[in-house]
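Residue strings, one per chain:
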Amino acid sequence: MSTRMPQALYPVTRQARVTLARSLHWGVSDGLPRLALRAAARRGDLQGRLVAATAAADPQAVWRVVEEIRARGPLSPTAFGFVTTHHAVVKEVLSSSAFGAGLPASPQPWVARLVERTTPPTVHPLRPPSLLATEPPDHTRYRRLVTRVFTARAVEKLRGRTEEIAQGLLDRMARQTGPVDLVSSYCAPLPVAVICEVLGVPEAEHQRVLEMGTAAAASLDMGLDWTAYRRVDSALAAFDAWLTDHLTRLRDKPGDDLMSQLVRAREDGVGLDEQELKATAGLVLAAGFETTVNLLGNAVALLAGEAGVRSQLATLRDDPSLWANAVEEALRLDPPVLMTARTCREETEVAGRRIPAGALVATVLGGANRDPEVFDDPARFDVTRGNAREHLAFSAGRHHCLGASLARMEGEVGLRALFDRFPDLVVEPGARRRPTRILRGFEALPVRVA
C-alpha cells in the first residue's frame, strides 16, 4: 500500500514559494557572507575587522582599523580579495577600466544559478540596471541621458527652494522646547523634500518616501541578518510598486520637475525603459537623500559636538564664504559613504601587486580621505583646509556620484541656515549612529538650540 500523500493535501501556495525564494536568496547573498565576515573578523582579517568595527559603540573603532590597514601598505590581501586606504590606489582602482562595479560571481555554478533564480524582480541599487551596477556601454547611455537632465544649472535652480524648505523646518524647530532630534527634525526632512521636488512627488507623499528611503538604506550592505534583509526587501518592493504608479502619473501629467524631464529624455530616439527609469529614481533617492542626511548630521557633530572643534564656527561666522569648503571638509573627515568595492575584470597590476581577474578590491573612501600623503594632519577638522575638495567621498571615475553637486548645495544651504538661526546649537548626549555599514551617519542626534 502506498504511503504517498495526495498532492492536494499539501499544496504549495504562491506566498510559500515567495517566502522560500526570499529565504534562499538571503542565505546565499547575505547569510553566507555574514558568516564569512564574522569568522574572518575573529581570525583578525583586516576587512572582516573593518566591517565589524562599523557596528562598534566606539565611533573611533572604524578609524583605528583604517589606520591598521594603512600601516600594512598601499594594498593588502584579505580573505575576500584586497583592501586599500591609500588615496592614490583608491582613485586608481575606481577609475581603471580593468575594474568594474558589482561583486564577483560565485565560483560555484549552483550558487550563481540559485542567486539568479531567487533574486526579487524589484529595483535594487546594487543590481542592474542601476548605474551603480552597470558598465559601458549600458552605463554610458544611462549616464548620458541622466546628466543631460541633472545639470549643475538645474541643481542651482533648486537652491532657492532648498533655502525656503530649510527656513520652514527651522521655524518649526524654534517652537520646540528642550532637546530636539536634529535627524528627524531637520537632517532627514530637508533632503527628502528637495529630492521629492526632483522626483515630482506631491507633498502629501513626502513622508511615505522618507519612510521607504530610510528602510531601504541598508540595501548597500552585504551580510544582512534575516530581520534586516526582510525589512529592506519589503521597503524595496513597496518603493518599486510606488514608482510604477508615480511614473504613470508623470507620463499622464508631466511637470517641470527633473524626473518628468528624464521620462521624456531621448538619446538617438531611445529613452530609458520602465526598469531603467525606476532604477534611476531609486538611485536618485539613495544618492540625493540618504547620503545628504548623513552629510548634514556628520557635519553638525563635527562643528558643534566637541569643544575643541567649535572654534571652526567662529571662523565661519567671520567668513561665511567658507561654508562651501566646510562641507568639503566634513565630507573628507567623516564621509556619508565609508567604502565601496570593485571587481577586477581582467588581470592587472596595482601598487606592485598582481590582481587576478575576479578578485574583489575594497576601497575605503574614508581611509583615502585621511591619507597623510595628501592631507596634512588628516584627523584634524579644518574648514580652511586648502585641498579639502581632493577627497573621494563621491567616488571617482565613471561611477562618480551623479548627485554630488546636489549634495554639496544642500549641505552648504542646510548647514549655513542652521547655524545662522541657532549659533549656540549644542549636541546633547544620546547621539546614536545608524546600524548601516556602508552608509555612515546618525540615526539620532539630540541638540539644544537655545
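Now for a quick tour of the structure.

What counts and what doesn't
- Residues numbered from 1 in each chain as written.
- Predicted model: local features only at pLDDT ≥ 70, side-chain atom pairs only at ≥ 80, totals over all residues.
- Heavy atoms only, no water.
- Buried < 20%, exposed > 50% of the residue type's maximum accessible area, 1.4 Å probe, protein only.
- Helix = DSSP H or I, 4+ residues; strand = E, 2+ residues; numbered from the N terminus.
- Arc of directions from axis to C-beta.
- Phe/Tyr/Trp six-rings, centres within 6.5 Å; stacked < 30°, edge-to-face > 60°.
- Lys NZ or Arg CZ within 6 Å of the ring centre and 35° of its normal.
- Pairing = 2+ DSSP bridges.
- Axes fitted to C-alpha atoms, helices over the stretch in contact; angles between N-to-C directions.
- Parallel < 35°, antiparallel > 145°, perpendicular 65-115°, else oblique.
- Contact = heavy atoms within 4.5 Å.
- Nonpolar A, V, L, I, M, F, W, Y, C, P; charged D, E, K, R; others polar.

### Describing helix α15 (residues 311-318)
Part 1 of the argument: Those residues of α15 not exposed but buried are Gln312, Leu313 and Leu316. Around the axis of α15, the buried residues are gathered within 105° of arc, so they sit on the same side. Looking at α15, the residues exposed on the side facing more than 90 degrees away from the buried face are Arg317 and Asp318.

### Some points on unusual backbone geometry
In most cases, non-glycine residues show a negative phi, while peptide bonds are predominantly trans.
Part 1 of the argument: Going from proline 128 to proline 129, the amide bond is cis rather than trans, its omega being 10°.
Part 2 of the argument: Mapping proline 129 onto the fold places it in the loop between α5 (109-118) and α6 (138-149).
Part 3 of the argument: Following proline 136, the chain continues to proline 137 via a peptide bond in cis, the omega torsion being 5°.
Part 4 of the argument: Relative to the helices and strands, proline 137 resides in the loop between α5 and α6.
Part 5 of the argument: Non-glycine residue aspartate 377 carries a positive phi angle of around 45°.
Part 6 of the argument: Structurally, aspartate 377 is set in the loop between α17 (365-368) and α18 (404-421).
Part 7 of the argument: Assessed through its relative accessible area of 45%, aspartate 377 is described here as partly exposed.
Part 8 of the argument: Positive phi values are uncommon outside glycine, yet serine 395 reaches one of about 70°.
Part 9 of the argument: On the basis of relative accessible area, serine 395 is assigned to the buried category, the value being 12%.

### Let's talk about the packing of aromatic side chains
Part 1 of the argument: Applying the stated criterion across every chain, the model contains four aromatic pairs.
Part 2 of the argument: Judged by centre distance (5.9 Å) and plane angle (15°), the rings of tryptophan 226 and tyrosine 229 are stacked. With a gap of three residues between them, tryptophan 226 and tyrosine 229 both fall in helix α12 (residues 226-252), about one helical turn apart.
Part 3 of the argument: Residue tyrosine 229 is classed as buried on the basis of its relative accessible area of 7%.
Part 4 of the argument: Judged by centre distance (6.1 Å) and plane angle (15°), the ring pair of tryptophan 323 and phenylalanine 419 falls under stacked. Of the two residues, tryptophan 323 is situated in helix α16 (residues 323-333) and phenylalanine 419 in helix α18; the sequence distance between them amounts to 96 residues. You'll find tryptophan 323 and phenylalanine 419 in the same group, each marked buried.
Part 5 of the argument: Connected via pairs of aromatic rings, a cluster forms that spans Trp26, Trp226 and Tyr229.
Part 6 of the argument: Here the guanidinium or amino end of arginine 370 rests over the ring plane of tryptophan 63, the centre of that ring lying 3.7 Å away.
Part 7 of the argument: Across the ring face of phenylalanine 442, the terminal group of arginine 433 is positioned such that the distance to the ring centre comes to 4.2 Å.

### Comments concerning the pairing of strand β2 (residues 81-84)
Part 1 of the argument: Note: strand β1 (residues 76-78) against β2, three bridges, orientation antiparallel. The partner of threonine 78 across the bridge, within β2, is glycine 81.
Part 2 of the argument: Linking β1 to β2, which pair antiparallel, is a turn of two residues.
Part 3 of the argument: The sheet contact formed by β2 and strand β8 (residues 360-363) spans four bridges and is parallel. Looking across to β8, one finds that threonine 84 is bridged to threonine 363.

### Regarding the pairing of β8
Part 1 of the argument: Burial of β8 is two-sided: the residues Leu360 and Ala362 facing one way and the residues Val361 and Thr363 facing the other way are all buried.
Part 2 of the argument: By the bridge criterion, four bridges tie strand β5 (residues 340-344) to β8 in an arrangement that is antiparallel. Bridge assignment links alanine 341 to a residue of β8, and that residue is alanine 362.

### Here we look at the packing of helix α1 (residues 14-42) against helix α2 (residues 46-53)
Part 1 of the argument: Where α1 contacts α2, the two axes come as close as 7 Å, and the packing angle between them is 105°. Relative to α2, the element α1 is oriented roughly perpendicular. On α2, the residues touching Leu37, Ala40 and Ala41 of α1 are Gly48, Arg49, Val51 and Ala52.
Part 2 of the argument: Taken together, the residues that form the contact of α1 with α2 break down as five nonpolar, one polar and one charged.

### Considerations on the sheet that holds strand β9 (residues 426-427)
Part 1 of the argument: Strand order in the open sheet formed by three strands is β4-β12-β9, and the pairing between neighbours is antiparallel. Because the sheet does not close on itself, it has two edges, and the strands there are β4 (180-181) and β9.
Part 2 of the argument: Of the strand pairs in this sheet, β4 and strand β12 (residues 446-448) are connected by two bridges, and their pairing is antiparallel. Bridge pairing in β12 links aspartate 181 to proline 446.

The values are spatial; any link to function lies outside them.
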